[in-house]
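So the chains spell out like this:
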Number of protein chains: 4
Amino acid sequence: MIRVGVVGYGYWGPNLVRNFSETPGATVAAVCDLNADRLARVKTRHPSVRVTGDFDGLISDKNIDAVVIATPVRTHFELAMKALRGGKHVLVEKPLVDSSARAKRLIDEARKRRRVLMVDHTFVYTAAVRKIRELVTSRELGRLYYYDSVRINLGLFQHDVNVLWDLAVHDLAIMDYVLGKSPTTVSATGLAHVNGRPENIAYLTCYFENGLIAHFHVNWLAPVKIRQTLISGDRKMIVYDDLEPDEKIRVYDRGVEITKQNVYDVLVSYRTGDAWLPKLDRTEALSVEAAHFIECIAKNKQPLTGGEAGLRVIRILEAANRSLAAKGRPVKV
Amino acid sequence: MIRVGVVGYGYWGPNLVRNFSETPGATVAAVCDLNADRLARVKTRHPSVRVTGDFDGLISDKNIDAVVIATPVRTHFELAMKALRGGKHVLVEKPLVDSSARAKRLIDEARKRRRVLMVDHTFVYTAAVRKIRELVTSRELGRLYYYDSVRINLGLFQHDVNVLWDLAVHDLAIMDYVLGKSPTTVSATGLAHVNGRPENIAYLTCYFENGLIAHFHVNWLAPVKIRQTLISGDRKMIVYDDLEPDEKIRVYDRGVEITKQNVYDVLVSYRTGDAWLPKLDRTEALSVEAAHFIECIAKNKQPLTGGEAGLRVIRILEAANRSLAAKGRPVKV
Amino acid sequence: MIRVGVVGYGYWGPNLVRNFSETPGATVAAVCDLNADRLARVKTRHPSVRVTGDFDGLISDKNIDAVVIATPVRTHFELAMKALRGGKHVLVEKPLVDSSARAKRLIDEARKRRRVLMVDHTFVYTAAVRKIRELVTSRELGRLYYYDSVRINLGLFQHDVNVLWDLAVHDLAIMDYVLGKSPTTVSATGLAHVNGRPENIAYLTCYFENGLIAHFHVNWLAPVKIRQTLISGDRKMIVYDDLEPDEKIRVYDRGVEITKQNVYDVLVSYRTGDAWLPKLDRTEALSVEAAHFIECIAKNKQPLTGGEAGLRVIRILEAANRSLAAKGRPVKV
Amino acid sequence: MIRVGVVGYGYWGPNLVRNFSETPGATVAAVCDLNADRLARVKTRHPSVRVTGDFDGLISDKNIDAVVIATPVRTHFELAMKALRGGKHVLVEKPLVDSSARAKRLIDEARKRRRVLMVDHTFVYTAAVRKIRELVTSRELGRLYYYDSVRINLGLFQHDVNVLWDLAVHDLAIMDYVLGKSPTTVSATGLAHVNGRPENIAYLTCYFENGLIAHFHVNWLAPVKIRQTLISGDRKMIVYDDLEPDEKIRVYDRGVEITKQNVYDVLVSYRTGDAWLPKLDRTEALSVEAAHFIECIAKNKQPLTGGEAGLRVIRILEAANRSLAAKGRPVKV
C-alpha cells in the first residue's frame, strides 16, 4: 500500500485527495495546508485522513511514501526538492516548476535517489488524448501538417504567471505527448490589458523540423468558452472539441491530393470522405493518472509524464516568454 | 444612367454582372473576358449585354462610364491604370493590387483625373459588419482590447498569392473599416505544405497603439469551415459568426471589473450580463456595394472602401509577408 | 430528345426549368403560366424557350412529350388529367393531388395510356435520403423501432392546405421511400391560430405493424428552423439533420441490449459505440430527379416516386386530417 | 432550526442530503434507507448524521420536524401518509404518488393536520424556468399559441412507470408552473419496444381553452440527448435549451402579423426582430427548493409546488395513460 500525502487543498487538491482515496494500492495518509478552514473541510469529507499545517513534518514522516504537490507554482521547486531529498516519490501539479534550470535539478535529484518524479499533465490521461496519440503514432493521419489549438474563456486572471503558463501549458503537454517531439523555434505575441498583471491574451507558434507547425491561442478575456484542437496530416484530420460531452473527437478523411504535373508544377485538389466519431471511455483522467503514479512507484517504472516531459514543456514556455517580450521575434527552444 | 463594363467573368464576375444589372441608375453595357465559353454564358444569361474579348476596345468605348475588374490579382494594376487613364471610374476586386507602390500610383491617377477608385471589400457592405462598426464607434464595447479572427476551411490552393493575401485580406478589410485605424507592427508565422506553392496556413498578429491587439488565423487545409471573429472591449464583447444564417452577431455584456485596491495591486473580477442578438437585414452585400459605387460616381463622393482603404490593407499584407519569411520577426507597417 | 413543357413559373417552376434545361436527353420546349411578368422572366433567362399562357394549346402541341406541373395543389388534378389524355408523360409537384380518389383516377389514366406519371417527392432524390434507405434496407439498423421527424420554422401560412399537407408531405414521402411500407393507423393533433386559415401546427403519429411507430411535428410558427429526423433500430440509430451543410447524416452504433433473465424479467442495458458520418455526394436532388423522369420515359420504366407513391402519401394525409378534426382520435389508413 | 429526515439514499437522496445540510435554518438529523451500503456511504460523507433502516422509528422521532422522501414511486403514498400522520412536514420526489385518488388523500391529510406537503418539481426552482414564468405572466410573449417540449436520450428503462411518468412529469410540472392552467383534453401515442416493459417512447398533446396547445416528446431510446422547449406567443417566442451551459433561454422578437383585409380574408406576414439571451443566476435549483420548503414550514406558507401541483400533473398523466392505451383517442382531464 503506497501512502500518499497531499500538499495544498485549494482548487485542485480536493480532486487529488478524492482520486487517490479510491486508487487501489494507495491510501491518502495526510493532507497538508497552511489554511485551517481547508483542513477542517478535509476532516469533514475524509474523517480518517490526518491533517497538518507542517510540511517538514510530512516530509520526515516515515509513514508517507509519496507526496502530491498542488500549491502555487512558485513553491513547487522548494517543496518537491525537499520531498525528494526526504526520499519521497513526487507528483507535482503543472507546470512542474517555473524554470528549466530548476526542472533539471529536480530531475537529477529524482534520478540520483531513484524516486519517481511525475508532473500532473492531466489531459494526457484522458481517453480523448490517448486516442489522438494512437491515431497519430499509427500514422493514420499520415505526415503531419499542423497542430492548432484554441483554449479561451472568461477566466481567472492569475497574479504571477501569464496566460501561456496558465493555459497553454495544458496544450503543450498534450502536444508533447501526442507528437513525441519538440519544436526548434517559437514565436509568441500577446498583451497584458490590466496594469500590473501578466499577459492575459497570447498567441504562440511552434516550428518543428520537416514542415510541421503548431499554434496556440490562449485568452482569459473571451466572451465564449472554446477548447478546440485541429490536427491535420496529409491523409486525415482530427477535430478535438473538449467541450463536447460525448463526441470529443472527429476524424475526417479529408485532405488534398497533390499530383505532380511536371517538374514545374503540381496539381492540388480536394479529397473528402467519411468522418468518424470514435467512442471514448469515460473514466476520469485523474483516476487513470493516480493509478499510473502508484504503478510507477510499485513497479519502478518511468511515468508517461515524468520530469523530462515537464522540462520539455517549460523550455517551450521560457522561449515563448522571451519572444512575447519582443513582439514575436523568433526564439530557439 | 451609369454604364458599367465588367472585366473578368470567372468566379466572381457573374455576381457583379447580376448585381449591377439590378442596381438602379446603372446598366451593364459590356462584359469582357478572354475565354469564349464564358462570354457565351454571359449571352445566355444576359442576352442584351455586349460581350467582347478586347479590353482596350472597352476602355476606348465612350459608352462605358465605369469599369469593374474581377481578374487575377497580378493583372489588376495594368487593367485599372488603363481604365483610369481612359477616364473610367474603377471598382477592383480585392486585393486592390499586389503592392503598395502600385496602389499609390492608382490612387494618384484617380485623384488627378477625378475618378472614383474603389476596392471590392465586400464584407464592409454586409449588415453584420456595418452593425459591428456601429457598436464599436458608438463606444458600446468600451475601450477595445482585442480583435481575433479565424477564417479556415478546405479551400482552393492559390498559385501566386499566399493564404494571407487570399483570405486574411477579407478580415483586414473588415478590421480597417471597423476600427478605423492601422497597426504599427505585425508578426506573422505560417508554412507552405505543398512544394512550389505559397503558404497555405498563416497566423498574423497586429499590434496597435493603446493596448489593442489583433490576430488572424487563415488556413486552406482545415477539416472544418470556421468564420468567427471575437471583438472585445472593456464593457462588452462581440462574437461574429459568419456561418450562422440569421444570428451572425452576439453582443455579450461581459468583461472584467478592475478595482484598484492600492497603489500596488488591483482586483480583477468577472462581470456577466445578458447577451443580445441584433436583427440584421438580409440585403446582399454586393447589391449594397454596387449601389454605393454608382452613388459615388453620380454624386462625386468618396467611397467607403476607396483606394486608400485598399492601400492600408496591402501595407499590412506586405509587412506580414516580410515577417512570415522571418518566422515571426516583428515588422513595422 | 424528350421535349418538356413546364406549367407554372412561380416559386418552384424556375428550378424545374433550370434543371430540365441541363438534363441530357431533355429539352425545355415551352413554359406555360397565366402571369405575363413571369413569362417575361422566362424569356430573359431562357431566350430560346417558347412561352405561353394557353395550357390547352400546350397539351395539343405534338412537339411536347412531357408536362411538368408546378401550380397550386387544387389545380393539379385537372391539369394532369388533361395532359395524360393528351398523351403526355406527367410529373406533378407534391402533393400529387388533393384526394386519394383523384390520385387513383390519374394512376388509372396513366396506366391505360402507358404514360409515366410521377410525383415530385424531391427529397427522395437527395443523397442523404438515398443513403438512409440503403442503411435501412441493408438491415444495418436492425429491426426498426421508430421514425421521428421535426420540420418547423417561421414559414409561409398557406391558404388552402394545412401544415400537414404543406410540410409533412415531404417527410411522409421520405418515410414511404425509406421504409417501403405504410402505416395502419394514424392519430393527429394540432391547431389553427389564425382565424380562417388552416392548421399551422400539427403533430402526427403513424402506427405500423410489428412495433414500429412514426411521428411528425410540423409548424409554420416556430422561432427557429429545425429539420431533424431520428430513425432508430435495435442495432443502430440515424440522426438526419438537413440543415447541416455537409454532415447531414450520423449513424450511431447505439442501442439497448435486452437480455432475458428468466420468463418474468428482462435486463435492459445501454450499448454505445462509435458514430459515423458518411460522405454524401452533392448533386442537386432536382437534377437527379429530372434525369430519372427522362430515363423512365425513354426506357419505359417505373419511377421511384410514381403515382402510387403519391397516393400512399395522400392516404396518410387524408386519415390525418380526419384525426386532426377529432383531436387525435385514431383513424385507420 | 428545522430538523429533516431524508428517506431513500439512492440516486437523488445524496443531492437532497447535501442541499438540506447547507440550507440555513435546516439540519439533516437522520437518513433512512434499507440498504446498509448506502447508509455506510452517508456515514463517510456526513459523519454527524444519524442513519437508520427503520422508517417507523424515524416517524415517531420527536426530534424530526420534516421528512423528505426519495424512494420508488410506488412507496411514496404509504411513506408520505405515515409521515403526515406522524405530524411531519413532507417533501416527496416527483411524481407525488401514482394516482390522483392517492394524491387527494395526501392533500386532505396535510390540510387537516396543517402540515406542509410539497412535491419535488425541481425544474420549477431553476433560474431558467422562473425567468420563463416571468416572461409569460408579464405578457411579454403576448397571447400564447403553443408549448412544445422534447426530452429524449438513451435513458434508463424503468420497470414500473412508463416514459411519460418518468420524463414528461418534469415538463408537465414546468408547464403547470409557467402557464398556471390545466389542459382540458389530452391525446397520447407511443409504444413499448421491450416486452414486459412500459412504453419507452411517447408523444402527448394537451389541448387548453382559448387556442393553446402543448406537446411533449419523451423517449428513452434516442441516439442523442435533447432537452428543448419552444414557447410561442403572438408577440414573442422562447427557445429554452436546458443543455446549454449558460445560454439556456433565448427570447425571439418574432411572430406573424395578422392584418384583416376584409371580412373574408386576413393577410399573414412575418415579423422578425432582435433576440435576447437573459443572464440567469447559477444557484443550484435544489438549494433554492430546499430553502423554500424550510421557509414554508417556518412561516406557514403555501409552497409553489404543493400537493395540488402534484395532483394537477398526475391528472394529466392518468388521462395520458388512458389515451396511450387507445392510440391517441382524446381523453378529458
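That block above? That's the structure.
Report on the accompanying structure. Predicted model, so just to flag it, every value in this text is computed and none were measured. Residue positions within a chain follow its written sequence, with the count starting from 1. Chains and ligands are labelled sequentially in the order written, the chains with letters from A and the ligands with numbers from 1. The model is predicted, so local features are restricted to residues of pLDDT at least 70 and side-chain atom pairs to those at 80 or more, both for listing and for counting; the totals for chains, interfaces and linings are taken over all residues. The basis for every side-chain value is the complete set of heavy atoms in the structure, and neither hydrogens nor water enter the calculation.

Here a strand is any run of E in DSSP of at least two residues, a helix any run of H or I of at least four, and the numbering for each starts at the N terminus. Examined against the element boundaries, Asp176(B) turns out to sit in helix H7 (residues 163–179). Two residues qualify as a contact provided that any one of their heavy atoms is within 4.5 Å of a heavy atom in the partner residue. Contact partners of Asp176(B), with chain neighbours within four places excluded, come to Lys181(B), Ser182(B), Ala309(B), Arg312(B) and Val313(B).

This paragraph deals with helix H7 (residues 163–179) of chain C. Residue and element names in this part refer to chain C. With 17 residues, H7 ought to run about 24 Å at 1.5 Å a step, and its terminal C-alpha atoms sit 23 Å apart, in line with that. The angle separating two fitted axes, one through the seven residues that finish at a residue and one through the seven that start at it, defines the bend at that residue. The largest bend in H7 is about 45°, located at Val 169. Counting buried residues along H7, 17 of its 17 residues qualify, which places the element largely inside the surrounding structure. The N-terminus of H7 is capped by Asn 162, whose side-chain oxygen sits 3.0 Å from the backbone nitrogen of Leu 164. Residue Gly 180 follows H7 closely and has a positive phi angle near 70°. The span you would expect from a helix comes to 1.5 Å times its residue count less one. Only protein chains enter the accessibility calculation, which uses a 1.4 Å probe; a residue whose area is less than 20% of its type maximum is buried, one above 50% is exposed, and one in between is partly exposed. Distance and chemistry together define a polar contact, namely a pair of N or O atoms within 3.5 Å, with one atom able to donate a hydrogen and the other to accept it when in protein, and with adjacent residues in sequence counting only for side-chain atoms on both sides.

Our focus in this paragraph is the relation of the copies chain B and chain A. Copies are brought into register by a least-squares superposition over C-alpha atoms of residues with pLDDT of at least 70 in both. Between chain B and chain A, which share one sequence, the superposing operator has a rotation angle of 180° and an axial displacement of 0.0 Å; the RMSD is 0.0 Å. What the rotation and shift describe, once combined, is the action of a two-fold rotation axis. Nearest to the rotation axis, the C-alpha of Arg329(B) is located 2.1 Å from it, this being the minimum over chain B. Of the interface residues in chain B, 98% have counterparts in chain A that sit at the interface too, so the contact is made through matching surfaces.

To continue, consider the sheet that holds strand E4 (residues 66–69) of chain B. Hydrogen bonds between backbone groups are what pair the strands of a sheet, and the pairing can be parallel or antiparallel. All names here are of chain B. What the six strands build is an open sheet, ordered E3-E2-E1-E4-E5-E6; its pairing is parallel. Where the open sheet ends on each side, the last strands, each with one partner, are strand E3 (50–52) and strand E6 (117–120). Shown here is a sheet whose adjacent strand axes are inclined to one another by a mean of 25°, direction ignored. At least two bridges found by DSSP between two strands is the condition for calling them paired. Examined bridge by bridge, strand E1 (residues 2–7) and E4 share four bridges and lie parallel to one another. Residue pairing in the sheet places Val 7 in a bridge with Ile 69 of E4. Lines are fitted to the C-alpha atoms to define the axes, a helix being fitted only along its stretch in contact, and any angle between axes, read from their N-to-C directions, falls within 0 to 180 degrees. With respect to the sheet, helix H4 (residues 73–85) is in contact with E1, E4 and strand E5 (89–93), its orientation differing from that of E5 by roughly 165°. With respect to the sheet, helix H8 (residues 285–299) is in contact with E1, strand E2 (26–32), E4, E5 and E6, its orientation differing from that of E6 by roughly 175°.

Take the interface of chain D and chain B next. Contacts between chain D and chain B engage 13 residues on the former and 13 residues on the latter. Throughout, the accessible surface (probe 1.4 Å) given up by two parts as they are put together, summed over both, is called the buried area. Both faces combined, the contact of chain D with chain B buries some 1100 Å², and carbon together with sulfur accounts for 36% of it. Contact with chain B buries surface across chain D, with Asp274(D), Leu277(D) and Lys279(D) losing the most and accounting together for 40% of the total. Arg250(B) is the partner of Glu247(D) in a salt bridge, and the nearest nitrogen-oxygen pair spans 2.5 Å. Where chain D packs against chain B, one counts 12 residue pairs in polar contact (both at pLDDT 80 or more). Only strand E13 (249–260) and strand E14 (266–277) of chain D provide two or more residues apiece to the side of chain D that touches chain B. In terms of residue count, the dominant contributor to the side of chain D that touches chain B is E14(D) (six residues). We call Asp, Glu, Lys and Arg charged. Ala, Val, Leu, Ile, Met, Phe, Trp, Tyr, Cys and Pro are nonpolar, and the rest, Gly among them, are polar. Here the residues of the side of chain D that touches chain B sort into five nonpolar, two polar and six charged. What makes a salt bridge here is a side-chain nitrogen of Lys or Arg within 4 Å of a carboxyl oxygen of Asp or Glu, nothing more.

Take the pairing of strand E8 (residues 185–191) of chain A next. Residue and element names in this part refer to chain A. Most of E8 sits out of view: seven of its seven residues are buried. The two faces of E8 match: Thr 185, Ser 187, Thr 189 and Leu 191 on one face and Val 186, Ala 188 and Gly 190 on the other face are all buried. The pairing of E8 with strand E15 (residues 331–332) spans two bridges and is classified as antiparallel. Bridge pairing in E15 places Val 186 opposite Val 331. Sheet analysis places E8 next to strand E9 (residues 201–207), joined by seven bridges and oriented antiparallel. Residue pairing in the sheet places Thr 185 in a bridge with Tyr 207 of E9.

Residues and elements named next belong to chain A. One way to put it is that helix H1 (residues 13–21) packs onto helix H8 (residues 285–299) with a least axis distance of 9 Å and a crossing angle of 65°. Relative to H8, H1 is oriented so that their crossing is right-handed. Packed against H1, whose contacting residues are Asn 15, Leu 16, Asn 19 and Phe 20, the element H8 presents Leu 286, Ser 287, Ala 290, Phe 293 and Ile 294 at the interface. Residue composition of the contact of H1 with H8, grouped by class: six nonpolar, three polar and no charged. Each crossing gets its handedness from the near helix: less than a right angle anticlockwise from the far helix is left-handed, clockwise is right-handed.

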